Structures are given as structure tokens and as C-alpha cells.
Amino acid sequence: MSSKKLTYIKAITEGLDQALAEDDRTLIFGEDVGKNGGVFRTTQGLQAKYGEDRVFDTPLAESAILGLSIGLAATGWRPVPEIQFMGFTFEAVDSINAQMARNRFRFGGKVAQPITVRTPYGGGTHTAELHSDNLEHVFTGTPGLRVVTPSNPYDAKGLIIAAIENNDPVLFMEHLKLYRSVKGDVPEEPYRVALDTAKVVREGTDVTIVAYGAMVQQAVKAADALAADGIKAEVIDLISLHPIDTDTVFASVDKTHRVVVAQEAQRIAGVGTQVVSAIAEERILSLEAPILRVAAPDSVYPFAAAELDWIPNAADIEAKARETLTY
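These figures come from a predicted structure and were not determined experimentally. Counting starts from 1 at the beginning of each chain's written sequence and moves along it residue by residue. In view of the model being predicted, local features appear only for residues whose pLDDT reaches at least 70, and side-chain atom pairs are presented and counted only at 80 or more, with totals across whole chains, interfaces and linings using the full set of residues. Side-chain figures throughout are based on the complete set of non-hydrogen atoms in the structure, without hydrogens or water.

**Q** Tell me what's going on with the pattern of salt bridges, and back it up with residues and numbers.
**A** Salt bridges are counted wherever a side-chain nitrogen of Lys or Arg sits within 4 Å of a carboxyl oxygen of Asp or Glu. By the definition in use, this model includes 22 salt bridges. Among the ionic pairs, Arg-118 bridges to Glu-174, the shortest N-O distance being 2.6 Å. Highlighted residues: Arg-118 in strand E5 (residues 116–121) and Glu-174 in strand E7 (residues 170–175), separated in sequence by 56 residues. As far as the burial class goes, Arg-118 and Glu-174 line up, both buried. What you see here is one network of salt bridges that share partners, running through Lys-4, Glu-14 and Lys-157. A run of H or I in DSSP counts as a helix once it spans at least four residues, and a run of E counts as a strand once it spans at least two, with each numbered from the N terminus. To sort residues, take the accessible area from a 1.4 Å probe on protein chains only and compare it with the maximum for the residue type: under 20% means buried, over 50% means exposed, and anything in between is partly exposed.

**Q** Pulling in residues and values, what's your account of the nonpolar core?
**A** To qualify as a nonpolar core, a set must consist of buried Ala, Val, Leu, Ile, Met, Phe, Trp, Tyr and Cys residues joined through side-chain atoms within 4.5 Å. Counting residues in hydrophobic clusters, the biggest one holds 76 residues, and the most contacted among them are Leu-16, Ile-28, Leu-66, Leu-238, Val-259, Val-275 and Ile-279. When checking whether two residues touch, look at their non-hydrogen atoms; a contact exists if any pair is within 4.5 Å. Setting aside residues no more than four positions away along its own chain, Ile-28 makes contact with Leu-16, Leu-20, Val-33, Thr-43, Leu-46, Arg-54, Val-55, Phe-56 and Val-80. Counting residues in each nonpolar core, the second largest holds 23 residues, with Ile-231, Ala-262, Ala-296 and Ile-311 among its members.

**Q** Residues and numbers for the packing of aromatic side chains, please.
**A** Each Phe, Tyr or Trp ring, with Trp reduced to its six-membered ring, pairs with another whose centre is within 6.5 Å; inter-plane angles below 30 degrees give stacked pairs, above 60 give edge-to-face pairs, and intermediate values give tilted ones. With the rule as written, the count across this model stands at seven aromatic pairs. With a centroid separation of 5.6 Å and an interplanar angle of 75 degrees, the aromatic rings of Phe-85 and Phe-88 are classed as edge-to-face. Site record: aromatic cluster; members linked through ring pairs are Tyr-8, Phe-40, Phe-85, Phe-88 and Tyr-179.

**Q** Which residues make up the packing of helix H7 (residues 215–227) against helix H11 (residues 314–325), and what are the values?
**A** Geometrically, a packed helix pair is captured by the angle between its two axes and the distance between the axes. H11 packs onto H7 with a crossing angle of 55 degrees between their chain directions and a minimal axis gap of 8 Å. Here H11 runs oblique to H7, going by the angle between their axes. The way H7 lies across H11 gives a crossing that is right-handed. Contacts from Met-215, Gln-218, Ala-219, Lys-221, Ala-222, Ala-225 and Leu-226 in H7 reach Ala-314, Ile-317, Glu-318, Ala-321 and Arg-322 in H11. Grouping the constituent residues of the contact of H7 with H11 by class yields eight nonpolar, one polar and three charged. Every angle, taken between N-to-C directions, lies between 0 and 180 degrees, and every axis is a line fitted to C-alpha atoms, over only the stretch in contact when it is a helix. Any angle from 65 to 115 degrees is called roughly perpendicular, while one under 35 is roughly parallel, one over 145 is roughly antiparallel, and all others are oblique. Crossings are sorted by hand: turned counterclockwise from the far helix by less than a right angle, the near helix makes the crossing left-handed, and turned clockwise it makes it right-handed. Residue polarity follows a fixed list, in which Ala, Val, Leu, Ile, Met, Phe, Trp, Tyr, Cys and Pro are nonpolar, Asp, Glu, Lys and Arg are charged, and the others, Gly among them, are polar.

Spelled out as C-alpha cells, the structure:
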């Protein structure tokens, strides 16, 4: 399988392109996704290639965008709506949590909901208020809804294709900071990344660092710093925030006996609490130290000038890893 170097955002674009090519039922729509290619140009060129019936603009109405998605999915289409920033999902929480997430159950599995809701999120790019918030906690507690976020270009392409082909609704979270800051080898042909499986991105034996999204990059940097002192940290990328692949996490805990859980979201939010509680319930006797956490403060997301002081980083993760090793 041939490959090429792509940025995170170009990998998503290529995945969308190939999904449109493979299935005529796939539709992409949202605010400015057509001729303009989206606010970040993620869908650039797709309308010109597939036409206005397959890739089209909508009014600035998130509830209408997702309401349309539910009806299209129920009648055999595979909609891929874009919510321009994750903060704008507040306008459509009813459509996501109360409608599309429940419909397969409501209809006894007879009606599929193959909806992939794409939305950018995350800090580090100095955006305006409500444009950077990590809101995964609003959705990860909703049965019937898959929530995923890739941390690298390879997973970004394979995950978006797998999400579009899945018959469950998927909230596909794309971290803003990663769009053009990371590159990686991406196969040119279509491929799939499992929607419910975590990955060990770095092997280690001394401490497990569990992260997701942009925090995976920070966790790897922390592991590099620890390695300078002979400390072997294992880094796990959750990828799927709901459901969580606890088997991969537990296997790592059984090996290292120490855990740090890192998230960009506020401590009270994110999915760190679910990871911590699962480990405490199922692997408490494997632990040789308390489970430690790295998270943002429990405050409203700050204005752009202060966000880099607010967002957790590699140094924070490294410090917690050293703390658990000296317990």
C-alpha cells in the first residue's frame, strides 16, 4: 500500500473524498462547506468534484443541520454534517443526545442512524470564546452515540472512513491545534481504523500515560523527557472516548502498575474520570500508587491571551509521572 506525507487536516479531507467516491449515499453539508471548503478548508474542492447535490451549504442553524441529518439517515442516506466549532453544538444537543443517539433503540434496530457529525474543538490556536472548548463530556454520557477523536493523520483518515460507514451516529472531534501542526505517513488507498479500540503509541514498563486528542502529543513529549532518566513510560491514545477500550488500558496497568490520565478539558469534564473509575473498579490490586490526573482548571475557558497558561502540557504530565514513581 503506497503512502504519502499528509497533515492531519489533509488526511481528513482525503478520507472524506474517498468516502464520497465509494458510496453515492454519502452527503456532506454545513455552514460554508461547499464552495469555500469550510472555515478551515477541510472540505475544499469536494463540491467541485461531486456537485452541489452531494456537498452543499446550509443556513447558519445547527439545529436545522442535525435535524436534516436525522431525517436523511432514516431514509437511507449517510450524512456527514459539519458543526463549525464544537461550542456551537449547544444549539443542537437535542438532535444529538435526545434524537439520533436513541433512534436505533426506539425502532428496535430497524432504522439505522449512520450520521457522522464532524466538529473542530480544542485550544492552542487563540480562537474566540466558545471556539476552543473541550465539550466531550456533554456527549460521552449518552448511550447510543459513539465519540471519537484522532491524534494523528493516519488515524484521522482511517477513522473518518470507518465512522461514515458505521450505522451508529458518531461525533467526530477534530482538534484545531493538530490540523496543520502534525504530519504523518498516510496510505493513499482507503482504509479503516477501528472506532472502539485504543492504541499503545509508545511501549513502556514503568508508568502508563493515558491521553487523547492533542494531549497524546504532549504525553509522548513527556515520555521522551522521562526516557532521558531511564524511565520507560507507556503512552495510550484512547481514540474512542465512548465507548472506552478499557481492555487496552487494563493490560497496560497490569504491566506498569502506575497510571497518569491526561486530558485538555477541565478536571471536572473530559473522560478522565471514567478512565480513573474503571481502573479503580477493575485493577485496584494492580496499582502500586494512586492514579494521578492532569487536566485544565475547573474554570471557564480563558480568553486567548491566557490559554497557553491554562492548557495542560508535557511538563505537567512529566511531573505527575515522576510523582507517581516516587510514591
